[in-house]
Amino acid sequence: MGDWRRTHHCGELRPSHAGQKVFLAGWVDRRRDLGHLIFLDLRDHTGIVQVVLNPELSPSAHDKGEQVRSEYVVGVEGEVVVRAEQTVNPQIPTGQVEVQARQLLLLNDAKTPPFPLDDGARPSEESRLRYRYVDLRRARMQRNLRLRHQAALLVRRHMSEHGFIEIETPFLTRSTPEGARDYLVPSRLRPGHFYALPQSPQLFKQLLMIGGFDRYFQIVRCFRDEDLRADRQPEFTQIDVEMAFPQREELFEIIERLMQKLFALVDARMELPVPRLTYAEAMERYGSDKPHTGFGLEWARLTLPAAACQALKADPSAKALRVPAAEPLSRSQLDQLQDWAQASGAGWFSYIKNEPNGFRSPLTKPLGEAPVASLARAAGLQPGEILLLIGSKGETASSLKARQLDEASGALRLRLIERLRLAPRAPWNFVWVVDFPMFEYDEKENRFVAMHHPFTSPREEDLPKLESDPAAVKARAYDLVLNGQEIGGGSIRLHRRDIQARVFRVLGLSEEMARERFGFLMDALESGAPPHGGIALGWDRIVALMAGESNIREVIAFPKTASAVDLMCDAPATVDPEQLDELGIQIKQD
RNA sequence: GGGGACGUAGUUCAGCUGGUUAGAACGCAUGCCUGUCACGCAUGAGGCCGCGGGUUCGAGUCCCGUCGUCCCCGCCA
């Protein structure tokens, strides 16, 4: 580049720069060669500006311009001039000016790009990931990653203003039971021993509280070796937050204000406080612990008359959802909903239409008109609306059946929203889901497992039930949900060793196992542990939502495929036998 | 682990009920062109139809398997 120094970015030039001598550098977006006159669209991350290579002004620049191709890296020295009125390009922000080149510097050539770089192009995910360094030049990726940076700055400032300090925690740590599969790292100095990459800095942040750093946060990478989804990568980023002497409401307020500031970056207005919903309400009304609350469409509870229970061989407690009159459902759509409902675990499905000439329903035949009408009236069915009904089979109720019914109602509701292409009433629907159950019964393992994690505090009033009725114990745990996506979760932690030990016992963790795996935590809890609690926010998901992207790959510079492969550097890969030997590792052949 | 969609030129795609030499657009190359901006015009190059097997006189097309990408279920405290 010699002594050249960039004076401006491409996208910033305006008529006010007219007459200025500038030096620009960037990539050739397009070349238009009119013979004795060449136009280059020069691009950097700020935008595009037209460069004119006129042989009368600079024969050498024009000569070099003939060699230039797309994605060549060039420097341009020249003068900003206002374009003649009929040559203005209103489609680009710099369209009123252009740069008359005096010198053109060829800084590097480039192979023909593997796919078009304009925003309209839709290259396959595979080639985008294989040539990620090219893909990153596209305006979309530039926009998303710069937004992510601005958002991260804001997080650091906000948390710092509230007294939180950022502290780094180890990546080489130890495997913990429960939860996701760990990524393991073999130890060279202790052959046969392994570090685990953290699924989250959970224990470290608790130890920081015990260590007297009463407010901590970290923008931190976490690792989970589980199957991927549009919103899940094997390594992902959390905003990890923990505070000592916590009041849940105080934490909520800090996080809500953070969200408000973040979404203001994309011009979204957010009303505070964010509504709260208990887990029980969420499951009852939306059939989900991460409800998309922007559509209404809430389930209500109906009690079937005895005759109906008999006719349907059904449990008397049914769930009903009113589909608005504006959304007609065809017979085949209703049939499809029935298939979905039953596939999702509902024992039976039916519906009642409120038509001008009366209620119409498949239930009329077995039940008669009067019971159908009274069900419809009980649900408050309005003219033109359709009432969807689901319930469990069998006359005895059970918690398992109740749960299946809730899950079916949630799945059905989402299908309905998708199928009817319903638009949410508001663009951003935040909700806190609180009072999660402490434990879930794992049918496969035949034991209770922690729904959040084993370090969560049960509600004080539920402590007496801890051993006698674990399923009834509520945790001091909460999730933050946005538009049906879980974007954060946390809890008030256990800070007393005796209760932590009781929780481990309920989870089937013997005293010895607990001591072996969490001895350091148990000891720490006995060394003056303050009450503490916190939250972890799914940073990739939040940035993706802000950017209007439906896949977190779009806000990650170098993401992996759905099979956890990095197509660019071809990881994972085999290693030299010597490396394995040093680690004392032998690969099993089969 | 299971289900679904896709895989044809550098890219995005078309290719019917199995039947001549597999097409289009964009991109690329060469030439012409002094006001273009999705420049234009002319000419041209470019294909292991993902891979392997099978059916058939004949397979891009049908069948089986396999690999890859995406989405979903399970899984993800």
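In this text, all values refer to a predicted model and were calculated from it rather than measured experimentally.

**Comments concerning the overall build of chain A**
- When helices and strands are counted, chain A shows 16 helices and 22 strands.
- Seen through its C-alpha atoms, chain A measures out along the principal axes to roughly 95 × 75 × 55 Å.
- Scored against the burial criterion, the 590 residues of chain A give a buried share of 47%.
- Pairs at least 24 residues apart make up 68% of the contacts formed inside chain A by residues separated by at least 6 positions.
- Carbon and sulfur atoms form 50% of the exposed surface of chain A, whose accessible area is close to 29800 Å².

**Quick look at the protein's contact with RNA strand B**
- For RNA strand B, the set of nearby residues contains 47 residues, the closest of which are E56, T87, A450, H452 and N551.
- Taking all atoms of RNA strand B within 4 Å of the protein, the share assigned to sugar and phosphate is 52%.
- The side chain of R30 places a nitrogen or oxygen atom 3.2 Å from a phosphate oxygen of RNA strand B.
- Among the elements that make up the surface near RNA strand B, the one with the highest residue count is strand β1 (residues 21-33) (three residues).

**A few points about the pairing of strand β22 (residues 532-538)**
- The buried fraction of β22 amounts to seven of the seven residues, a majority that puts the element mostly inside the structure.
- Here β22 shows a buried face lined by H532, G534, A536 and G538 and a second buried face lined by G533, I535 and L537.
- Across seven bridges, strand β10 (residues 235-244) lies against β22 in antiparallel orientation. Counted as the bridge partner of D240 is A536 from β22.
- One ladder, built from five bridges, connects strand β21 (residues 485-492) with β22; its direction is antiparallel.

**Here we look at the nonpolar core**
- Judged by nonpolar contacts, the single largest core of 42 residues is most densely connected at M259, L262, F263 and W539.
- With 24 residues, the next largest nonpolar core counts A282, V433, L463 and V503 among its residues.

**Quick word on the side chain of E554**
- Inspection of the secondary structure assignment puts E554 in the loop between α15 (539-547) and α16 (577-583).
- With residues near it in sequence (within four places) discarded, E554 still touches E125, R128, R140, M141, N144 and E549.

**A closer look at the sheet that holds strand β14 (residues 348-355)**
- Taken in spatial order, the five strands make up an open sheet running β12-β13-β16-β14-β15, and their pairing is antiparallel. The sheet is open, and its two edges are formed by β12 (299-303) and β15 (358-360), each paired on a single side. The mean angle between the axes of side-by-side strands here comes to 25 degrees, regardless of whether they run parallel or antiparallel.
- In this fold helix α7 (residues 279-286) packs onto β12 and β13 (314-323), with an angle of close to 80 degrees to the strand it touches most, β12.
- Running at roughly 150 degrees to β14, helix α9 (residues 331-343) makes contact with β14 and β16 (386-393) of the sheet.

**Concerning the confidence of the model for chain A**
- For chain A, the average pLDDT comes to 93, and 99% of its residues sit at 70 or higher.
- Here the complex is predicted with pTM 0.95, and the ipTM for its interfaces comes to 0.92.

Cut-offs applied
Residues numbered from 1 in each chain as written. Chains lettered and ligands numbered in written order. Predicted model: local features only at pLDDT ≥ 70, side-chain atom pairs only at ≥ 80, totals over all residues. Heavy atoms only, no water. Helix = DSSP H or I, 4+ residues; strand = E, 2+ residues; numbered from the N terminus. Buried < 20%, exposed > 50% of the residue type's maximum accessible area, 1.4 Å probe, protein only. Contact = heavy atoms within 4.5 Å. Areas by Shrake-Rupley, 256 points an atom, 1.4 Å probe, with all protein chains shown as cover. Near = heavy atom within 4 Å. Polar contact = N/O pair within 3.5 Å; in protein donor to acceptor, adjacent residues only side chain to side chain. Pairing = 2+ DSSP bridges. Core = buried A, V, L, I, M, F, W, Y, C linked by side-chain atoms within 4.5 Å. Axes fitted to C-alpha atoms, helices over the stretch in contact; angles between N-to-C directions. pLDDT = per-residue confidence, 0-100.

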